[in-house]
Amino acid sequence: MSTRPGLTIIGSGFAGIGMAIKLKEAGYHDFVILEKASDLGGTWRDNTYPGCACDVPSHMYSFSFELNPGWSRMFSPQTEIWDYMRACVEKYGLAPHFRFGKEVVGLEYDDAARNWQVGTGDGETFTTNAIVSGIGALHVPSYPQIPGRERFRGPAFHSAEWDHSVDLTGKRVAVIGTGASAIQFVPRIAERAAHLTVFQRTPPWIQPKPDFALSPRMKRVMRLPGAARTLRNAIYWVLETRALGFTVDPRLMKVQEAVARRHLERQVPDPELRAKLTPDYTIGCKRILLSNDYYPALTRDNVDLVTDGVTEIRENSIVDATGGEIEVDVIVYGTGFKVTDALNEQRIIGRNGLKIQEAWQNGIEAYYGITTAGFPNLFFLLGPNTGLGHNSVVFMIESQVKYVIDCLRLLSRTGARALDVRPGAQRAFNDRLQERLHALVWNEGGCRSWYLDEHGVNRTTWPGFTFEYWARTRRVRPEAYELIH
Ligand code: NAP
């Protein structure tokens, strides 16, 4: 296959696959998808921990142009989502575009040639006119900086790198972290382990998960004309109403908080345990979690919740802030991902030798999360400030994919070789964005989350309704861009 593709997509998760499908539909066939792993799927390939499922309903967490009436549940498990992605690749004939085992290690813009050099870990270089980065925000595991971590003698692994060779049956297991991933695998470990100790730093807000299996009859109904679309639309608008508390005023979160509080009261009768599990920040400040089996797992006799903080890890034990030493055989880190630093650590060199770290010295930012001044024809999918707390990011990806195609059409129409967002347009967009975010729950909710960078600035979430983002990215404003001929 050519090492001079017209366009290069990095990553084969929902973003990369969605981009590839829409490129083909728009008549662009000269592209490759570089994937570091040996298989496609991104998040849904990497995260194989027990209980892994999506916490957004499947009929919404899928492409709008590729509805799947056959989803087995409202919230489908990881394997089924991965199968769905593979089915999309097959249906749209994307296989010839994949290059597996190609970890992108550097991107460099050539000012004279007006193209990009894409270097991969195996020493190959691709020369390409445009790049779409679909690497996602949540893929570099973050391990906690706990003294002695490397001294631990037993198996220890991160939720996104689950070691399936370790049988947890009958073992004393420690889980560090109580985020979106941990609350899914803790109930599964609790069933098997001799003893499970869950180390919680900050309690999450958890609401009931309206999950159920879709019966064969319901699936038949879903196949009727318009049924799957109607269900998707209904889910979209239900989720979108949740945006009110996120985008308008954190005080509107009170209803959400009442739902979560009632869920906790119902599922955890012990007042002492309940107190430990009650958050002291506004709901939504961290991701709102959904689970019906996490709290019950914590009430089991073989499970302890430790909230005193981990101070040290020793050869066979974990020490908490009270000096208590808990002997364990296995440690599972459910400690999340490096988010803003993962984007910022990439080796990307744009116009006139501009490094992405220089461009982003005050924090990562882009125009609608997609383009960044000084880096022509480089498009980010799920880039800065396009994450969500209330709806499906696949919707955001689709808006972005459409925007990228509109940019390519602008290039074709004008005969320009590249487009570079004007610094003024990017500045004005981000000033307004930060002004809006300032008063919202992620900043004002009284918690510390991965949505904020080390300066406390929100670099990850979109502050509005998703239909606002869709409407504002429907057409490229040519005046926001410098066209390079
Ligand atoms: P996360 O939500 O960032 O949770 C990490 C957990 O580890 C938090 O409880 C955190 O505590 C704790 N932690 C981090 N460093 C620690 C340390 N040094 N000592 C003690 N505890 C520490 O990570 P995640 O659960 O992997 O989820 C990340 C994101 O992935 C989610 O927000 C979500 O967007 C996505 N996700 C989605 C799904 C889905 O179903 N769609 C499922 C899983 C994940 P603090 O709260 O105190 O920081």
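Definitions and limits used
Residues numbered from 1 in each chain as written. Predicted model: local features only at pLDDT ≥ 70, side-chain atom pairs only at ≥ 80, totals over all residues. Heavy atoms only, no water. Near = heavy atom within 4 Å. Polar contact = N/O pair within 3.5 Å; in protein donor to acceptor, adjacent residues only side chain to side chain. Areas by Shrake-Rupley, 256 points an atom, 1.4 Å probe, with all protein chains shown as cover. Nonpolar A, V, L, I, M, F, W, Y, C, P; charged D, E, K, R; others polar. Domains from an automatic or database assignment. Helix = DSSP H or I, 4+ residues; strand = E, 2+ residues; numbered from the N terminus. Buried < 20%, exposed > 50% of the residue type's maximum accessible area, 1.4 Å probe, protein only. Contact = heavy atoms within 4.5 Å. Axes fitted to C-alpha atoms, helices over the stretch in contact; angles between N-to-C directions. Parallel < 35°, antiparallel > 145°, perpendicular 65-115°, else oblique. Left-handed = near helix turned anticlockwise from the far one by under 90°. Core = buried A, V, L, I, M, F, W, Y, C linked by side-chain atoms within 4.5 Å. Pairing = 2+ DSSP bridges. Disulfide = S-S within 2.5 Å.

(A) Geometry of the site of the ligand. The immediate surroundings of the ligand are formed by 22 residues, with Asp55, Ser181, Arg201, Thr202 and Lys286 found nearest. Interatomic distance of 2.9 Å between a backbone N/O atom of threonine 178 and an oxygen atom of the ligand. When the ligand sits alone it has 910 Å² of accessible area, and the protein chains cover 83% of it. Looking at the shell around the ligand residue by residue, the class counts come to 9 nonpolar, 9 polar and 4 charged. Residues from two domains meet in the shell around the ligand; each of domain 1 (7–140 + 338–484) and domain 2 (149–216 + 248–333) gives at least three.

(B) Representation of the environment of threonine 466. One can find threonine 466 in helix 16 (residues 466–472). Given the relative accessible area of 0%, threonine 466 is considered buried. Along the sequence, threonine 466 and asparagine 47 sit 419 residues apart, while their C-alpha atoms lie 26 Å from each other. For threonine 466, the residues in contact, after removing those within four places along its chain, are Tyr236, Glu240, Leu388, His390, Asn391, Phe395 and Met396. A distance of 2.6 Å separates a polar atom in the side chain of threonine 466 from a polar atom in the side chain of tyrosine 236.

(C) View of the packing of helix 1 (residues 14–25) against helix 13 (residues 393–414). Their axes nearest at 9 Å, the elements helix 1 and helix 13 cross at an angle of 40°. Here helix 1 lies oblique to helix 13, going by the angle between them. Every pair of crossing elements has a handedness; the one defined by helix 1 and helix 13 is right-handed. Only Val394, Ile397, Val401, Val404, Ile405 and Leu408 of helix 13 make contact with helix 1, whose side of the interface consists of Phe14, Ala15, Gly18, Met19, Lys22 and Leu23. Residue composition of the contact of helix 1 with helix 13, by class: 10 nonpolar, 1 polar and 1 charged.

(D) Highlighting the nonpolar core. By size, the foremost hydrophobic cluster in this structure holds 112 residues, and its most contacted members are Phe14 and Ile189. The greatest single-element share of this core, amounting to 12 residues, is contributed by helix 13. Not counting the four nearest positions on each side in its chain, isoleucine 189 is found in contact with Trp162, Leu168, Val173, Val175, Leu196 and Val332. Residues Leu34, Tyr109, Phe126 and Ile364 belong to the second largest nonpolar core, which totals 18 residues.

(E) Unusual backbone geometry, seen in detail. The phi dihedral of asparagine 377 falls on the positive side, at around 55°, and the residue is not glycine. Mapping asparagine 377 onto the fold places it in the loop between helix 12 (356–359) and strand 21 (378–380). Given a relative accessible area of 1%, asparagine 377 falls into the buried group. For leucine 382, which is not glycine, the phi torsion reads 50° and is therefore positive. Among the structural elements, leucine 382 can be located in the loop between strand 21 and helix 13.

(F) Molecular detail of the sheet that holds strand 7 (residues 130–133). Spatially, 5 strands are ordered 3-2-1-7-21 in an open sheet, and the strand pairing comes out parallel. What marks the edges here is a single partner per strand, and that holds for strand 3 (98–100) and strand 21. Sheet twist, expressed as the mean angle between neighbouring strand axes with direction ignored, is 20°. Note that strand 7 and strand 21 share 3 bridges and pair parallel. Pairing of serine 133 across the sheet is with phenylalanine 380, part of strand 21. Strand contacts of helix 1: strand 1 (7–10), strand 2 (31–35) and strand 7, with the helix running at about 155° to strand 1, the strand carrying the most contacts.

(G) Looking closely at the state of the cysteines. Inspection of every chain in the model, using the stated rule, returns 1 disulfide. Through a disulfide, cysteine 285 is tied to cysteine 447; the S-S separation comes to 2.1 Å. The chirality of the disulfide connecting cysteine 285 with cysteine 447 is left-handed, given an S-S dihedral of about -95°. Here cysteine 447 lies in the loop between helix 15 (441–444) and helix 16 and cysteine 285 lies in the loop between helix 9 (271–277) and strand 13 (289–290), a separation of 162 residues in the sequence. With a relative accessible area of 0%, cysteine 285 lands in the buried category. The thiol of cysteine 52 is unpaired, and the distance to the nearest cysteine sulfur, on cysteine 54, comes to 8.6 Å. Residue cysteine 88 stays outside any disulfide, its sulfur separated by 14 Å from that of cysteine 54, the closest cysteine.

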